[in-house]
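Structure assessment
Next come the chains, spelled out residue by residue.
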Amino acid sequence: MEKKSDEVLVAACLRGETRAFAELGKGYARRLYAICLAIVDNAADAEDLTQETLVRGFTELASLKDHTRFGPWIAAIAGNLSRDLLRKRMNEKGPLAHEMDCPNVESERLMDLRRALRELPEQHRIPLLLYYLDGHSTESVAATLGISTAAVHQRLSRARRELRSLIESKEVRDE
Amino acid sequence: MNSSCEEMRLRIEESIGRPLPPDEREMLERHLAHCGSCRGYREALLRDDSLLDEYASRHTESVGRVEEEAARARAAGIVTAPRRPTVSQRLARIPRFARVAAAVAAALAIVATVDFIRGAYYGPIPAFAAVLEKAGKAENVTRRVRTWALGEWRTRTYVINRSHGSRIDWGDSVLVTNKEKPFHSLMLYPARKEFTSWQASVAGPSFDTGLDENPVERLATWHKKWNFAFVRRARYHGKSVAIYEGGPFPQRSKVKFSTWVDLHTELPVRVEITNSLPRYSADSSLYDLRLADFLPPGSPRAKHTGWVDFREGEPAVIEDNFEWNAPLDTSLLSLDPPPGYTAKSIRKVYYADFGELARTFIPAEADMIRAALTEWISLCGNTFPADLNVFADVDKMKPRLVAKYNGNGVPGDEYRAAIHGAGRLKFGAVAVENLERSKEHPYAGRRGATGDTSRAIPEFSYVGAGCAFGDSTKPIFWLRRDKDESYWIIYADLHMVPSETSPRMRQK
């Protein structure tokens, strides 16, 4: 259904239908935000990157050959823009100060989680955050990343194990 | 942690967020009931799961904002309209089989269109006789004729008017004939503003009325002989044409005549004569002369040799630029020279007395032998040959021909001149051979009941061996084809005159 829906919406966008832009953008905004957040670990940057991804995506929409693969295509744009920003920031001011930009006071455990997430490989971190930020739907994660549901399950299992391992090692160090 | 725990922990990881199949769940529960370590692992994962949910919930606000922004993006002008896909991108979206099918259909359509344009529109092909009949009604015909000979294309233009006459333009000279005075002709030399006028009472042996240059009459003659037949349609200068061909003919090996007829007007637009044996190629069989003999030593075959190669199978004669019934200024066919032209010569000849005609007609053999002797003197110095058969000696004559004609000029021009010189020698040799053969013929000299004189014994003699060139009183060769004819005497200065008696008789 989703593939068909994306295909129809992309065709409508190419015809210049305004509502299709809104519908497609809204449908993917959350997922793109999750991808950007997984890479830059900064909410404000992730918001900006999501907008930039949508702008870039719609501008370049004509170059999309297979309309059924809009999800993986726009996810790749989000990933590339986020990595570009990360590289740019690294070159300009050194490593990002992740905690500084979070307005909420986070619990110790949550901070440990974020540190552990940062150490997680990107190929596990992105599906994990997509899963939790996009309503626990492995099908949605699979459609966004252009992989099978089984692959999503596998990556999530490994992500949880590695995450646990990282958190545990922190707990041991603290003790 | 044993291997069972390892396996169970995989199940525990899989069970977070999704239910396990009943048998696996039951197996896991049984394990957890007695394995505290695995129970602890599951609790820890569930805590992490909750923590991740909490982490996600902290971004609810941001997610809401980006979704809202995305929904407003178009209206706010943030998202620009996508570019229209390019043609190649649109084509790329079409499935491969559809593209192949479309390409095949397009190719078929092109073939059909080309076929249509090529003349299918004009329906049936007219019979060649009908074409000739229609062409024969044309009052004026203009055409260009190009002939390949001796490594160059020679061009002339014909203007024929059925009622008035003809005009043949070679570029440097123009021949005009007019039907009002059928045995007169006017030759113009535009560059020199000169003319020669030929004014005869009857047709002479070298007189050309130009009538045989009428393309319709020639085509009709060919068609009568070789029955031109339609072979194919073609496209020619934007016109749909039908091509008719006659030949090749066994008696004239590989010669092919082809006439192209415009299907719209049903009139000829092009005539080709194809001959695989054109006169003298770059490697002539005449005295084994080759264009390479006249190129600078060791140099590769250059482009600018003044020689155009003839490719076998191509037409050696091309007639085109036909104009049927185009307006014609009949003053072009006038035998009066144009204003400003001066007379180079005016020849008034009356050929009523055919005996005189016979006497003034130079036998071809005598003329050919004189031309060969002239060439010999220019090649070998001032002494006449010991034997006229030497004209045929390739080993002796070729180096002399190359030495004489090979200079610092244009190689093609030199080669052409050498072939002409070689031709004079060759025809002299042929003349001698013909005379000797006819003398030895078993029936020579006998006149049959029919009175056929064609086998008369020729009387000829060569006495020039070793003589020096230049003496106008010393005869070196004489010839009489038949005893009814005059003698033709060649003197040592190479002038030739007719005589009623042979030099030998006069000496007696």
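Predicted, not measured: the structure shown is a model, and the values here were computed from it.

**What about the overall build of chain A?**
A count of helices and strands for chain A gives eight helices and zero strands. Secondary structure elements in chain A, listed N-terminal to C-terminal, are α-α-α-α-α-α-α-α. Within chain A, counting contacts between residues at least 6 apart in sequence, those at least 24 apart form 70% of the total.

**A few points about the overall build of chain B**
Looking only at helices and strands, chain B features 13 helices and 16 strands. Across the 508 residues of chain B, 26% fall into the buried class. Across chain B, contacts joining residues at least 24 apart in sequence account for 56% of those joining residues at least 6 apart.

**Structural notes on the interface of chain A and chain B**
Contacts between the two partners involve 39 residues from chain A and, on the opposite side, 37 residues from chain B. Of all elements in the fold, only α1 (2-14), α2 (18-40), α3 (43-59), α5 (108-119), α6 (122-133) and α8 (149-174) of chain A reach the threshold of two or more residues within the side of chain A that touches chain B.

**Digging into the sheet that holds strand β16 (residues 496-499) of chain B**
All names here are of chain B. The strand order across the open sheet built from four strands is β13-β14-β15-β16, with neighbouring strands paired in antiparallel fashion. Bordering the open sheet on either side are β13 (459-462) and β16, each of which pairs with just one other strand. This sheet shows a mean twist of 20 degrees between the axes of neighbouring strands, independent of strand direction. The pairing of β13 with strand β14 (residues 475-480) spans four bridges and is antiparallel. Following the sheet pairing, F460 is matched in β14 by L479. Across the face of the sheet, helix α10 (residues 364-380) comes into contact with β14, β15 (487-491) and β16 while running at roughly 5 degrees to β15.

**A look at the nonpolar core**
Grouped together as the largest cluster of nonpolar side chains are 55 residues, with contacts concentrated most on Y33, I35, C36, L37, A78 and L129 of chain A. When residues of this core are assigned to their parent elements, the largest contribution, 13 residues, is made by α2 of chain A. Apart from the residues lying within four places of it in its own chain, the contact partners of I35 of chain A are A75, A78, G79, S82, I126 and L130 of chain A. Core analysis: the next-biggest nonpolar cluster, separate from the first, contains 38 residues, Y287, F391, L425 and Y491 of chain B among them.

**A word on the confidence of the model for chain A**
On average, residues of chain A carry a pLDDT of 83, and 87% of them reach 70 or more. Taken together, the stretch residues 99-103 of chain A has pLDDT below 50 and engages in four contacts with residues farther than four places along the chain or on a different chain.

**A word on the environment of N382 of chain B**
For N382 of chain B, the position within the fold is in the loop between α10 and α11 (394-405). Judged by the 10 C-beta atoms lying within 10 Å of it, N382 of chain B is exposed.

**Overview of the environment of S166 of chain B**
Relative to the helices and strands, S166 of chain B is located in strand β3 (residues 165-169). Residues S166 of chain B and N140 of chain B, spaced 26 residues apart in sequence, show a C-alpha to C-alpha distance of 9.5 Å.

**Points about unusual backbone geometry**
Note: most peptide bonds trans; most residues except glycine with negative phi. Residues and elements named next belong to chain A. One non-glycine residue, D41, adopts positive backbone phi at about 55 degrees. Structurally, D41 is set in the loop between α2 and α3. Judged by the 22 C-beta atoms lying within 10 Å of it, D41 falls in the buried class.

**Section: α3 of chain A**
Its 17 residues place the ends of α3 of chain A 24 Å apart at the C-alpha level, agreeing with the 24 Å of an ideal helix rising 1.5 Å per residue. Among all positions in α3 of chain A, only A43, A46, E47, L49, T50, Q51, T53, L54, G57 and F58 of chain A are buried.

**What about the pairing of β14 of chain B?**
Residues and elements named next belong to chain B. Counting buried residues along β14, six of its six residues qualify, which places the element largely inside the surrounding structure. The pairing of β14 with β15 spans four bridges and is antiparallel. Paired with F477 across the two strands is I490, which belongs to β15.

**Here's the deal with the pairing of strand β4 (residues 174-178) of chain B**
All names here are of chain B. Counting buried residues in β4 gives five out of five residues, a clear majority hidden from the surface. The alternating pattern of β4 places V174, V176 and N178 on one face and L175 and T177 on the opposite face, and all of these are buried. When β3 meets β4, the two strands line up antiparallel, connected through five bridges. In the sheet register, R167 faces β4, and the bridge partner there is V176. Where β4 meets strand β5 (residues 181-189), five bridges bridge the pair, whose relative direction is antiparallel. In the strand pairing of β5, L175 is matched with M187. Linkage of β4 to β5, two consecutive antiparallel strands, is achieved through a turn of two residues.

Rules of the game
Residues numbered from 1 in each chain as written. Chains lettered and ligands numbered in written order. Predicted model: local features only at pLDDT ≥ 70, side-chain atom pairs only at ≥ 80, totals over all residues. Helix = DSSP H or I, 4+ residues; strand = E, 2+ residues; numbered from the N terminus. Contact = placed C-beta atoms within 7 Å. Buried ≥ 20, exposed ≤ 12 C-beta atoms within 10 Å, placed from the backbone. Pairing = 2+ DSSP bridges. Axes fitted to C-alpha atoms, helices over the stretch in contact; angles between N-to-C directions. Core = buried A, V, L, I, M, F, W, Y, C linked by C-beta atoms within 7 Å. pLDDT = per-residue confidence, 0-100. Expected span 1.5 Å × (residues − 1).

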